[in-house]
Amino acid sequence: MSDCNGKLVVFDLDDTLYKERDFVASAYNTIASLLAEKYNLNVVEMIEIMTNAPINPFDSLAEYLKQYSDNSGVAIAEDIPWMIDAYRFHKPTLMLDEEFRATLTQLVADGFRLGVITDGRTVSQMNKFYALGLDAYFDCSLVLISEAIGADKSQPDAFRRMMKQNPDISQFYYVGDNPAKDFLWPNRLGWTTVQLNDDGRNVHPQSIELPTDDYRPQFSINNLSDLLGILIH
Ligand SMILES: [Mg+2]
């Protein structure tokens, strides 16, 4: 790898590099489209049923499909486990924000090394990674996913592994959104931690009671481009 200023910037994925609700919308669209095509059902209606479900989107959709089946006599093979698999493993349609694209381009041009530490399933997270075109900015060997690591961010394993894989780095940064789990271990391991503030579209709240002060990020920013100011110090 090229000169990296001795600095490695590691990003969280969900609700940091893209909005998780966009993945959910993409999954609903895929599920509804597959069913609509096979059974001549209404896509928009099924998306609305999942989106407005009182408790669980797939319980509500299964109920709708059962009613349709009872009324029409058409047997529907797709059940809730099928919906869950489609949700997890579909190839999502996601767009990298233009400001993010510009910031990542700048970081690469400035010679920073970039990585990802994310909690989730390997297939799901890599599908998101490629859908966003992140392979243009990140080396895949520095994308650490909890399922592959065998430990989520409540444990130090992924952060320690990132350090071990990059012995030439003197300063590590972690950029995330969720103070319940994103900053504790990087703080304890001497990293610089940065919270990207919720723009109102995140899944997890940021104003929460934290058990101890080391759960807090050292910096918080409203725009990803604000990161550049933190990195040059
Ligand atoms: Mg997150």
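Higher on the page you've got the structure.
To keep things clear, this report deals only with the structure shown in the data block. Per chain, the residues get numbers from 1 upward, laid out in the order the sequence is written. Reporting in this predicted model follows two pLDDT cut-offs: at least 70 for local features of residues, and 80 or more for side-chain atom pairs to be given and counted; totals over whole chains, interfaces and linings ignore these cut-offs and use all residues. Side-chain metrics in this entry use all non-hydrogen atoms of the structure; hydrogen atoms and water are not considered.

**Quick notes on the nonpolar core**
Moving on, step 1. What makes a nonpolar core is a set of buried Ala, Val, Leu, Ile, Met, Phe, Trp, Tyr and Cys residues whose side-chain atoms join them at distances within 4.5 Å. Here's how the labels work: a residue is buried when its accessible area is under 20% of the maximum for its type, exposed when over 50%, partly exposed in between, all with a 1.4 Å probe on protein chains only. Val9, Phe11, Leu104, Leu114, Leu134, Phe138 and Leu227 are the most contacted members of the largest nonpolar core, which totals 31 residues.
Moving on, step 2. Those elements that provide at least two residues to this core are β1 (7-11), α5 (98-109), β2 (113-118), α6 (122-131), β3 (143-145), β4 (171-176), β5 (192-196) and α10 (227-231).
Moving on, step 3. Note on definitions: a residue-residue contact is assigned when non-hydrogen atoms from the two residues lie within 4.5 Å. What Val9 contacts, discounting residues up to four positions off in sequence, is Phe112, Arg113, Leu114, Gly115, Tyr173, Val175, Leu227 and Leu231.
Moving on, step 4. Val10, Ala158, Phe159 and Leu210 belong to the second largest nonpolar core, which has 19 residues in total. Strands here are runs of E lasting at least two residues and helices are runs of H or I lasting at least four, both read from the DSSP assignment and numbered beginning at the N terminus.

**Examining the pairing of β4**
Moving on, step 1. Of all six residues in β4, five are buried, a share of seventy percent or more.
Moving on, step 2. Pairing geometry for β4 and β5, over four bridges, is parallel. Each residue of the ladder has a partner; that of Tyr173, found in β5, is Thr192. Pairs of strands are assigned from DSSP output, requiring at least two bridges between the strands.

**Quick word on the coordination of the magnesium ion**
Moving on, step 1. Donor atoms from the polypeptide that coordinate the magnesium ion comprise Asp12 (OD), Asp14 (O) and Asp177 (OD), at 2.0 to 2.1 Å from the metal.
Moving on, step 2. All donors of the magnesium ion belong to a single chain; written as a sequence motif, their spacing is D-x1-D-x162-D. On the criterion of sequence distance, the pair formed by Asp14 in the loop between β1 and α1 (20-39) and Asp177 in the loop between β4 and α9 (184-188) is long-range, its members being 163 residues apart. In this structure, Asp14 and Asp177 share a single accessibility class: buried. Only N, O and S atoms count as donors, using a 2.8 Å cut-off from the metal and 3.2 Å for Na, K and Ca, and because water is excluded some sites may appear unfinished.

**Focus: the environment of Leu144**
Moving on, step 1. Following the sequence through the fold, Leu144 ends up in strand β3.
Moving on, step 2. For the pair formed by Leu144 and Phe159, sequence separation is 15 residues and the distance between their alpha carbons is 8.9 Å.
Moving on, step 3. Look past the residues within four positions of Leu144 in its chain and what remains in contact with it is Val116, Ile117, Thr118, Ile149, Ala158, Arg161, Met162 and Gln165.

**Some points on the pattern of salt bridges**
Moving on, step 1. A carboxyl oxygen of Asp or Glu within 4 Å of a side-chain nitrogen of Lys or Arg is what we treat as a salt bridge. Enumeration over the complete set of coordinates arrives at 12 salt bridges.
Moving on, step 2. A salt bridge links Asp168 to Arg113, with the shortest nitrogen-to-oxygen separation between them at 2.8 Å. Separated by 55 residues along the polypeptide, Asp168 in the loop between α8 (157-165) and β4 and Arg113 in strand β2 bring together distant segments of the chain.
Moving on, step 3. Where Asp182 meets Lys153, a salt bridge forms, and the shortest distance between an N and an O atom there is 2.7 Å. Residue Asp182 is found in the loop between β4 and α9, and its partner Lys153 is found in the loop between α7 (146-149) and α8; the two are separated by 29 residues along the sequence. The same class applies to Asp182 as to Lys153, namely buried.
Moving on, step 4. Here the salt bridges share partners, and the residues they tie into one network are Asp12, Lys153 and Asp182.

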